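Here is how the chains run, residue by residue.
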Amino acid sequence: MLSLLAERPFLAGPEVLSLVRTRTERFSALFLSYPEAVVVCREGAGGNVLCALTFCEERGFKPLAVWRDDTAVEVAMTSDQYHEYLSLMAELASKKNDCSYLQTVYWKDTERLVGWCWMQLPAYSG
């Protein structure tokens, strides 16, 4: 999988609304407070990011932040929450053999002063 470093991972076109436009400020504040945070983003405001919210709810986890608009949902979790979430999604996918959604994951590179890393990976439908 390809991992990229970017301060603005998506070019904001006219069809892309507020989450992309505010990502720099939101993520900068989040990673300043929680350098180990992981943000799961699902374009289209559906798919397994809503499962991420259910996952947190069922386990009594409180996400660090949740942002949504007409185009996407972004859920910020602790790294431990994210690893548990990813393990569960991988287990579900292996049972169903179904990786039909694409999600984007963001995290802070603590070695760099600015920006964050992001990766697109298969997201497991649930």
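Relevant structure appears above.
Residues numbered from 1 in each chain as written. Predicted model: local features only at pLDDT ≥ 70, side-chain atom pairs only at ≥ 80, totals over all residues. Heavy atoms only, no water.

**Q** Just to check I follow, could you spell out the overall build of the chain for this structure?
**A** What the chain contains, in helices and strands, is three helices and six strands. Along the chain, from the amino end to the carboxyl end, the secondary structure elements read β-α-β-α-β-β-α-β-β. Here the chain holds 126 residues, and 42% of them are scored as buried. Taking the contacts inside the chain whose residues are at least 6 apart along the sequence as the reference set, 63% of them involve residues at least 24 apart. With the model as given, the accessible surface of the chain reaches about 7,100 Å², and the carbon-plus-sulfur share is 55%. (Helix = DSSP H or I, 4+ residues; strand = E, 2+ residues; numbered from the N terminus. Buried < 20%, exposed > 50% of the residue type's maximum accessible area, 1.4 Å probe, protein only. Contact = heavy atoms within 4.5 Å. Areas by Shrake-Rupley, 256 points an atom, 1.4 Å probe, with all protein chains shown as cover.)

**Q** How should the nonpolar core be read in this particular structure?
**A** Side chains of nonpolar character tend, in soluble globular proteins, to be buried together. Residues F27, L30, F31, V39, W67, A76 and Y106 are the most contacted members of the largest nonpolar core, which totals 14 residues. If you list the elements that add at least two residues to this core, you get α1 (18–33), β2 (38–43), β3 (65–68), β4 (72–77) and β6 (116–123). Considering each element in turn, this core owes the most residues, four residues, to α1. Membership of the second largest hydrophobic core comes to 13 residues, among which are L53, Y82, Y85 and M89. (Core = buried A, V, L, I, M, F, W, Y, C linked by side-chain atoms within 4.5 Å.)

None of the figures reported here should be taken as evidence of function without further support.
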